[in-house]
Amino acid sequence: MTESFLHYLWEYQYFHKHSLQTTHGDEIRIFHTGQRNTHSGPDFFNARIQIGEMNWVGSVEIHVHASGWLEHKHHLDPAYENVVLHVVWDNDKAIRHEDGSWLPTLELKDRVSGQLFNDYKKLLTSAEVIPCSKRFREVTAITRMAMLDRVLVERLEMKATQVLQMLQRNNNDWEETCYQLLLKNFGFKVNNEPFLQLAQAVPYKLLLKHADSQIQLEALLFGQAGFLEEENRETYYRLLKREYKILSQKYRISEKKLKKVQWRFLRLRPANFPTMRIAQVAALVFRRRNFFSAFTTTESVSGLTDFFSVSQSVYWLHHYRFFKAFEEEITSLGEASIDNVIINTVVPVMVAYGKSRDEQVYVDRAVCILQDIHAEINKITNHWKSLGMHVKTAFDSQASVELYNSFCVKRRCLDCTIGAYLLNPNRK
């Protein structure tokens, strides 16, 4: 038995209510179960319950064993003084208030269907990565969509919070924040940390001072990334190295320089090599510059795609790495890469900006953009598709990834609308 299962039983009232009474024989009538509390304090608040002849409005606390009240030292915590009902699986110890009166307690162990508990245990002990895999097709489309809507909102809020935290570290500089987030996402998970370090080592304000010279932008970025440490007679490489030496001394930034070994190339397609991505960042700063304005004012996916569709400099049209020429011309950011940047950079910034200004229009625009982008293809989305999940847009893929990571992996089936639907004893 777990407290999460008891929370589920109480929230949905999935227990027998015939002759419902406290352990001391007082009749119980439940008018409102209260609201789930996800912070410290009692588990449910603002519950409305009649105990005996008295109507109470207060909190409900839940434990597997009644003695948990003492073990968790609730009797010493003023936050629990307004608890009007103690819901337990096993009333192993009678609990009193500080004034000596009995704490009204409801014991559930003889009021719950054995089949319901068995179904719950099957979900929790399932060997499948998605616990409800074998029964997923039983779930109605509207139930699935309700859960996807919910987890997408949670994902967007989580990402927006991360953006706002980054904004605070950047002294409320939106442009610098957009730049750092953009570079981090140019790392595409494998190199996101060194890219973020690079953004912090070469601030956006510094790049803007040289935004009219693509060679100087490349020199600053490649030099600070640690890629200009070798000796080579190649003209382009020597030019970058010379420019970086001058600029690094001028701005005294060499002490923050990254090491080449921090960058990962193994198992990456050449188009995703960090050298290619750095060249594309330099091209973006050279040709576009105003990231924040573009992220918050562009209303269509096509407009954002155009913004990111810039060609890297001549050298990088035929090189994936330094000194290794490639005969065919190398294209700029592909459609899938641009979609990835929009999903993980532009959308979170839009939501964060909307939250900071309390303007829902930016949040709505972000959602619309997700609905206009093709779904991401990865192991998680493929798994959901195999179960019959509708994953057509980035809205669907982002939601399904969040559902998997925050609920399925953590076995939070009882907090999931889909899990609650499958366990609903009344549905049968």
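Scroll up to find the structure.
Residues numbered from 1 in each chain as written. Predicted model: local features only at pLDDT ≥ 70, side-chain atom pairs only at ≥ 80, totals over all residues. Heavy atoms only, no water.

Student: Could you give me a rundown of a negative patch on the surface, with the residues and numbers involved?
Tutor: A grouping of Asp77, Glu81, Glu98 and Asp99 is seen on the molecular surface, where their side chains present a negatively charged patch. Within the secondary structure, glutamate 81 is located in the loop between helix H2 (68–71) and strand S5 (83–90). By relative accessible area, which is 63% here, glutamate 81 ends up exposed. (Patch = residues over 30% accessible without salt bridge, like charges linked within 9 Å, V, L, I, M, F, W, Y side chains within 5 Å. Areas by Shrake-Rupley, 256 points an atom, 1.4 Å probe, with all protein chains shown as cover. Salt bridge = Lys/Arg side-chain N within 4 Å of Asp/Glu carboxyl O. Lys, Arg positive; Asp, Glu negative; His and termini not counted. Charge placed at Lys NZ, Arg CZ, Asp CG, Glu CD. Helix = DSSP H or I, 4+ residues; strand = E, 2+ residues; numbered from the N terminus. Buried < 20%, exposed > 50% of the residue type's maximum accessible area, 1.4 Å probe, protein only.)

Student: I'd like a rundown of the nonpolar core, residues and numbers included.
Tutor: Counting residues in each nonpolar core, the largest one holds 138 residues, and the members touching the most others are Trp384 and Leu403. With near-sequence residues (within four places) excluded, leucine 403 lies in contact with Met147, Leu148, Val151, Trp384, Met389, Cys408, Cys416 and Ile418. Among the nonpolar cores identified, the runner-up in size contains five residues, and Trp69, Tyr80, Val83 and Ile95 belong to it. (Core = buried A, V, L, I, M, F, W, Y, C linked by side-chain atoms within 4.5 Å. Contact = heavy atoms within 4.5 Å.)

Student: An account of the pattern of salt bridges is needed here, citing residue identities and associated values.
Tutor: For the structure on display, the rule yields 15 salt bridges. For arginine 289, the salt bridge is made with aspartate 212, and the minimal N-O distance between the two is 2.7 Å. With a gap of 77 residues between them, arginine 289 in the loop between helix H10 (274–287) and helix H11 (291–297) and aspartate 212 in the loop between helix H7 (204–208) and helix H8 (214–224) connect regions that are remote in the sequence. A salt bridge links glutamate 230 to lysine 260; the shortest N-O distance between them is 2.6 Å. Here lysine 260 lies in the loop between helix H9 (235–251) and H10 and glutamate 230 lies in the loop between H8 and H9, a separation of 30 residues in the sequence. Each of Glu11, Arg36, Arg412 and Asp415 takes part in salt bridges that share partners, so that together they form one network.

Student: Describe the pairing of strand S3 (residues 44–51), naming the residues involved and giving the relevant values.
Tutor: Here strand S1 (residues 28–32) pairs with S3 via four bridges, running antiparallel. Paired with isoleucine 30 across the bridge in S3 is isoleucine 49. Bridge count for strand S2 (residues 35–36) against S3 is two bridges, and the pairing is antiparallel. Across the sheet, residue glutamine 35 finds its bridge partner in S3, namely phenylalanine 45. Where S3 and strand S4 (residues 54–65) come together, six bridges link them in antiparallel fashion. Opposite isoleucine 49, over in S4, you have tryptophan 56 as the bridge partner. (Pairing = 2+ DSSP bridges.)

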